[in-house]
Amino acid sequence: MVGLTRAIVPPIMAMIPGIYKHHRCRNNVYPSSDVRRYPVPDESVFWSQPYPDYQPPLYEAAVLKDKEWADLDVDDPNFEVKWNQLDGGVNRVSFVGAYEIRDGFPMNLFGRTGLRGRGLLGRWGPNHAADPVVTKWKVDGDGTVVVSEDTGRRVLQMCAIERHDCGEWAIPGGMVDPGEKVSATLKREFMEEAMSTSSGTEDVEQFFSAGKEIYKGYVDDPRNTDNAWMETVAVNFHDEDGSVVGRFNLHAGDDAAKVKWMDVDSGVKLYASHANIVKRVVDALDAHW
C-alpha cells in the first residue's frame, strides 16, 4: 500500500485541495450513532505513515442487516466478491485507482478515518453515487439576470435539497443502483428529490441528456470508514434561459426535507464535498463567487 499511496497523493491534492485528508470523516462521532472515531491527526492519515497506537472501533449500522442493497459481512461464507472490478451488477472499481485488500478488507485509498467496518454504507470499498448539479441564472422581477456588484459576474443558482438525515443542504444526488447507467441515476435522483415526477416532459428528457461532467472521484463524506467510502460522478445541467427545469415548481421528495433554488457564492455551506464540486461549476460558467 505504501507505493500506491505515494503514487496517488499528488494528483488528488491537485484535484480538490483539502479533501485528501478527508476532514469530514475524522475525529468526530459517526453519523446516526454514538460511536466516536479513533483520533487521527493530519500527519497520520495516510497508510504509509506509521501509527502503532491506531485502534479504530468497528461499527456497522443495524440498518444494513438483510438489506438487498447491502453486502454481506466480509467473513460470511456466502460473500463471494471480485475486488477492483465489475462484480456482477455491482461496480467495485474505484475512480481513484486500485485499492489494497488487507486481511480480506478493502482499504480506503485516502487513508485512516478512525473507524473500521462499513458504518452506514452498503458496500465494502467504493460506494458509487451520482450528483446532478442543476443550475440557472438568478433573475430579478423583470426577468433580467442579476449581476453581482462585487465581482461584475452573473449570479448562479443551484437546485439544493435539505437532507433529512443531517439537516444540511446538498446536491440532490443518490446511489447508483446495480447495473444502472450513471446518466439514468442523475435524472432519476433529481426527479425523485426535487421535482414532481409528473413534471417529466420531452424538454426535461432532453435537458438531462446533455450534461457536462464536472467531477469524478472520492467524496469527503462523513459516512466514510477505513473499509467503505463514497465516490461520485457529478454532472452539471445548466438551464441557460430558465425555460426547462427553471419553469417548474420544485417539490421536495424522497430523502429531501426541503428544496429550493439557492444562490451560489463563496459563503455557500453544503454537505460533504459538495461545495468543492459546485465551485467547479461556477468556474466553468464564469459565474459570481
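Quick note: structure is the one above.
A brief report on the enclosed structure follows. The numbering scheme is per chain: residues are counted from 1 as the chain's sequence reads. Totals for whole chains, interfaces and linings use every residue, but because this is a predicted model, local features are given only for residues with pLDDT of at least 70 and side-chain atom pairs only at 80 or more, for both listing and counting. Each side-chain value is worked out from all heavy atoms of the structure, with water and hydrogens disregarded.

1. Comments concerning the packing of aromatic side chains
So, point 1. The rule is short: rings of Phe, Tyr and Trp, with Trp giving its six-membered ring, pair when the centres are within 6.5 Å, and they are stacked under 30 degrees, edge-to-face over 60, tilted in between. All chains considered together, the criterion is met by 14 aromatic pairs.
So, point 2. Arranged with centres 6.4 Å apart and planes meeting at 70 degrees, the rings of Trp 47 and Tyr 54 form a pair that is edge-to-face. For the pair Trp 47 and Tyr 54, one class covers both residues: buried.
So, point 3. Consider the rings of Phe 110 and Tyr 218, whose centres lie 3.8 Å apart with planes at 15 degrees: the pair is stacked. Taken together, the residues Phe 110 in the loop between β5 (105-106) and β6 (116-119) and Tyr 218 in strand β11 (residues 212-218) connect sequence positions 108 residues apart.
So, point 4. Taken together, Tyr 38, Trp 47, Tyr 51 and Tyr 54 form an aromatic cluster joined through their ring pairs.
So, point 5. It is Arg 163 that lies over the ring of Tyr 271; its NZ or CZ is 4.0 Å from the centre.
So, point 6. Across the ring face of Trp 169, the terminal group of Lys 260 is positioned such that the distance to the ring centre comes to 4.4 Å. Summary of the burial criterion: residues with accessible area below 20% of their type's maximum are buried, those above 50% are exposed, and those between are partly exposed, where the area comes from a 1.4 Å probe applied to protein chains only. A run of DSSP states H or I qualifies as a helix once it reaches four residues; a run of E qualifies as a strand once it reaches two. Both are numbered from the N-terminal end. Consider the ring centre and the ring normal. A charge sits over the ring if Lys NZ or Arg CZ is within 6 Å of that centre and within 35 degrees of that normal.

2. Digging into the layout of surface pockets
So, point 1. Here the largest pocket defines a volume of roughly 1,100 Å³.
So, point 2. Elements supplying a minimum of two residues to the lining of the largest pocket: β3 (90-91), β7 (125-137), β8 (156-163), β10 (174-175), α2 (182-194) and β12 (228-239).
So, point 3. Residue type decides the class: Asp, Glu, Lys and Arg count as charged, Ala, Val, Leu, Ile, Met, Phe, Trp, Tyr, Cys and Pro as nonpolar, and the leftover types, Gly among them, as polar. Class assignment for the residues of the lining of the largest pocket results in 20 nonpolar, eleven polar and 15 charged.
So, point 4. Whether a set of points on the 1 Å grid over the protein atoms alone is a cavity depends on a 1.4 Å probe fitting there but being unable to get out, while an open set qualifies as a pocket with protein on both sides within 12 Å along at least five of seven lines; lining residues are those with an atom within 4 Å of a point. Grid points are joined across faces, edges and corners, and a volume is the space filled by probe spheres set on the points. Of the voids in this model, the second largest pocket is the one considered here, and its volume is about 220 Å³.
So, point 5. Taken together, 13 residues line the second largest pocket, and the ones lying closest to its centre are Leu 64, Lys 65, Asp 66, Asp 73 and Arg 118.
So, point 6. Residues that form the lining of the second largest pocket fall into these classes: five nonpolar, no polar and eight charged.

3. What about the side chain of His 238?
So, point 1. Inspection of the secondary structure assignment puts His 238 in strand β12.
So, point 2. Throughout this description, a polar contact denotes any pair of N or O atoms lying within 3.5 Å of each other; where both atoms belong to protein, one of them has to be capable of donating a hydrogen while the other can accept it, and for residues adjacent in sequence the pair is counted only when both atoms sit in side chains. There is a polar contact of 3.2 Å between the side chain of His 238 and the side chain of Trp 137.
So, point 3. Here the side chain of His 238 touches Glu 240 through a polar contact of 3.0 Å, side chain to side chain.

4. A short note on the environment of Leu 72
So, point 1. If you trace the backbone, Leu 72 turns up in the loop between β1 (58-60) and β2 (86-87).
So, point 2. Judged by relative accessible area, Leu 72 falls into the partly exposed class, the value being 38%.
So, point 3. Filtering out sequence-adjacent residues up to four positions away, Leu 72 remains in contact with Asn 78, Phe 79, Arg 118 and Trp 124. Whether two residues are in contact is decided by their heavy atoms: any pair within 4.5 Å suffices.

5. Some thoughts on α2
So, point 1. For α2, with 13 residues, the first-to-last C-alpha span of 18 Å sits near the 18 Å given by 1.5 Å per residue.
So, point 2. By the burial criterion, the buried members of α2 are Thr 185, Leu 186, Glu 189, Phe 190, Met 191, Glu 193 and Ala 194. Under the convention used throughout, the expected extent of a helix is 1.5 Å for every residue step, that is, one less than its residue count.

6. As for the pattern of salt bridges
So, point 1. Note on definitions: salt bridges are taken to be side-chain nitrogens of Lys or Arg within 4 Å of carboxyl oxygens of Asp or Glu. Enumeration over the complete set of coordinates arrives at 18 salt bridges.
So, point 2. Residues Arg 188 and Glu 180 are paired through a salt bridge, measuring 2.8 Å at the closest nitrogen-oxygen approach.
So, point 3. With a relative accessible area of 21%, Glu 180 lands in the partly exposed category.
So, point 4. Bridged by salt links that share partners, the residues Asp 71, Asp 87, Arg 92 and Arg 123 form one connected network.

7. Observations concerning helix α4 (residues 274-285)
So, point 1. A rise of 1.5 Å per residue sets the reference length of α4, with its twelve residues, at 16 Å; its end C-alpha atoms lie 17 Å apart and thus fit the reference within 8%.
So, point 2. Buried residues of α4: His 274, Ala 275, Ile 277, Val 278, Val 281, Val 282 and Leu 285, and no others. Along the long axis of α4, the arc covered by the buried residues comes to 160 degrees, so they all point the same way.
So, point 3. Tucked inside the fold, the buried residues of α4 contact β7, β8, β9 (169-170), β11 and β12.
So, point 4. One or two residues past the end of α4 sits Asp 286, with phi positive at roughly 55 degrees. Of all possible arcs, the one meant is that of the directions from the helix axis to the C-beta atoms.

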